[in-house]
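# Notes for the structure review
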Amino acid sequence: MEHDFSKGSMSRHIMGQAVPLMIAQVLQLLYNVVDRIYIGHLPDANGLALTGIGLVFPIVSLIGAFTNLYGMGGAPLCSIDRGAGKLDEAEKIMGNSAVLLFGTSFLLMAICYIFKKPVLYLLGASDATYPYANTYLVIYLLGTVFFMLGNGMNNFITSQGFPKIAMCTTMLGALINLVLDPVLIFGFGMGIEGAAIATVFAQFVSALWVLRFLCGKKAILKLKRSCFQLDAGLVGQIVSLGMSGFIMQATNCVAQIACNAMLSIYGGDLYIGIMTVLNSVREILSMPVHGITSGSQPVLGYNYGAKKYERIRSGIRFMACVGGAYTIVAWAALMAFPRPFLALFTNNEEMIRLGVRSLHLYFAGFVFMLFQFAGQSVFVALGKSKRAIFFSLFRKVVIVLPLTLLLPRIMEDSVAGIFLAEPISNVVGGLACFITMYATIYCRLGSCPQKV
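Residues numbered from 1 in each chain as written. Predicted model: local features only at pLDDT ≥ 70, side-chain atom pairs only at ≥ 80, totals over all residues. Heavy atoms only, no water.

## Some details on the side chain of Asn-68
On the secondary structure map, Asn-68 appears in helix 2 (residues 48-83). Each residue touching Asn-68, except ones within four places of it in the same chain, is listed here: Gly-73, Gly-242, Gly-245, Phe-246 and Gln-249. (Helix = DSSP H or I, 4+ residues; strand = E, 2+ residues; numbered from the N terminus. Contact = heavy atoms within 4.5 Å.)

Structural data, given as structure tokens:
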């Protein structure tokens, strides 16, 4: 019953997947956030070290995009095939995803090393912030293969109905990172180098844990050599379904590049640092929503493969209601008490003072983010790759990117225009995605499921 999502309460199954996933994501945040917290409080850095880390974000997002392409592309297909009883096919999908993750990691690492200097300046680095960004990136890239295998293949543990094991993946890495960070940064006086080394080692341990489980006896679907031979048809399916998550991450990268470039023109290094803090706060606050919507994917996908359509509708309703209640509470707390969130990442009083106003602008549409996550998750869970891809592109490429470039040029307060692009995209893109999902999937599952 624990791994058969077609029976029992949908809310119990979704929360059974979501709660361990949310705990795992809290721990996953420690990989990134704890680095920023310590680096933001480095003495005599004046916020430049934190700004340097922020400049690396688009590159990290790009690596994450390729991880989503193969990991989140293959895992829902495994859930659907497992629900239909096609276990051999599911194992082939998992094996192909592992090969794609492994090969792409080395390609990305090589490209980033070759072009790191021009890319960092393109991302908004100045002569003052480049040394910090370069130091962190050179070490961080060494862990690319561990990051991609650990995070990408962890999706296949969750898709098999082992969310607690998946949670342990991030728990191991996060605890190692949490312990090593202060030791290396402050104890050994390594500063930003210590933060990067701690992160890479933590990623290495997480990757070992994932591969050990998927090759072990407890896994329902096992990672086998016989499944490593790439199949063009399966690769096409994986890439097609994963393209939504890839585009969402990749367009985040493009939007961040544009944002940093405009902030470097109209605001300078200080505002790039503020954007780094706001992105960190967004990661923290969006984590429960992402956990609930991501946790619903294997449950919805399994029931879709088992043709349990009314159960899917029930799962969508539960996901939307729980996620909506959380986003309202989180938004209200953030608007009322912005300074503690900012002070968590920096002790620079000027950054905090200017950051309060920027935070209010940037998070004005936070509540509507749920609609994007919920609609996108349903599209991915049911294998509707074209719709998932469209709305990923629509929000970032059609809305955020043009507004980021246009608003600072037409508004009297140029910096405010840059921060307003995000909330506008949350409202327009989120509503468009959810309404389309409701009309084309939710309603049709109740009447004509064969046309979905």
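## Structural notes on the nonpolar core
Judged by nonpolar contacts, the single largest core of 125 residues is most densely connected at Met-153, Leu-263, Phe-363 and Phe-419. No other element matches the 16 residues that helix 2 contributes to this core. If we skip the residues at most four places from it in the chain, Phe-419 touches Leu-263, Tyr-271, Ile-274, Met-275, Leu-278, Ser-358, Leu-361 and Tyr-362. (Core = buried A, V, L, I, M, F, W, Y, C linked by side-chain atoms within 4.5 Å. Buried < 20%, exposed > 50% of the residue type's maximum accessible area, 1.4 Å probe, protein only.)

## Looking at a nonpolar patch on the surface
Taken together, the side chains of Leu-107, Ile-111, Ile-114 and Phe-115 present a nonpolar region at the surface, about 410 Å² in accessible area. Mapped onto the elements of the fold, Leu-107 is located in helix 3 (residues 87-122). (Patch = residues over 30% accessible without salt bridge, like charges linked within 9 Å, V, L, I, M, F, W, Y side chains within 5 Å. Areas by Shrake-Rupley, 256 points an atom, 1.4 Å probe, with all protein chains shown as cover. Salt bridge = Lys/Arg side-chain N within 4 Å of Asp/Glu carboxyl O.)

## A closer look at the environment of Val-400
By the element assignment, Val-400 lies in helix 14 (residues 385-410). In this structure Val-400 comes out as buried when scored by relative accessible area, which is 4%. Excluding residues within four positions of it along the chain, Val-400 makes contact with Ala-255, Arg-395, Ala-421, Glu-422 and Ser-425.

## Topic: helix 14
Given a rise of 1.5 Å per residue, 26 residues ought to cover 38 Å, and the 36 Å separating the end C-alpha atoms of helix 14 matches this to within 8%. Leu-403 marks the point of greatest bend in helix 14, at about 35°. (Expected span 1.5 Å × (residues − 1). Bend = angle between axes of the 7 residues up to and from the residue.)

## Quick notes on the packing of helix 9 (residues 269-305) against helix 10 (residues 309-336)
Their axes nearest at 10 Å, the elements helix 9 and helix 10 cross at an angle of 175°. Considering their axes alone, helix 9 and helix 10 lie roughly antiparallel with respect to each other. In this structure, helix 9 uses Val-281, Ile-284, Leu-285, Pro-288, Val-289, Ile-292, Thr-293, Ser-296, Leu-300, Asn-303 and Tyr-304 to contact helix 10, whose residues at the interface are Tyr-309, Arg-311, Ile-312, Gly-315, Ile-316, Met-319, Val-322, Gly-323, Tyr-326, Thr-327, Ala-330 and Leu-334. Counted by class, the contact of helix 9 with helix 10 contains 16 nonpolar, 6 polar and 1 charged residues. (Axes fitted to C-alpha atoms, helices over the stretch in contact; angles between N-to-C directions. Parallel < 35°, antiparallel > 145°, perpendicular 65-115°, else oblique. Nonpolar A, V, L, I, M, F, W, Y, C, P; charged D, E, K, R; others polar.)

## As for unusual backbone geometry
The backbone phi angle of Lys-307 is positive, close to 60°, even though this residue is not glycine. Structurally, Lys-307 can be placed in the loop between helix 9 and helix 10.

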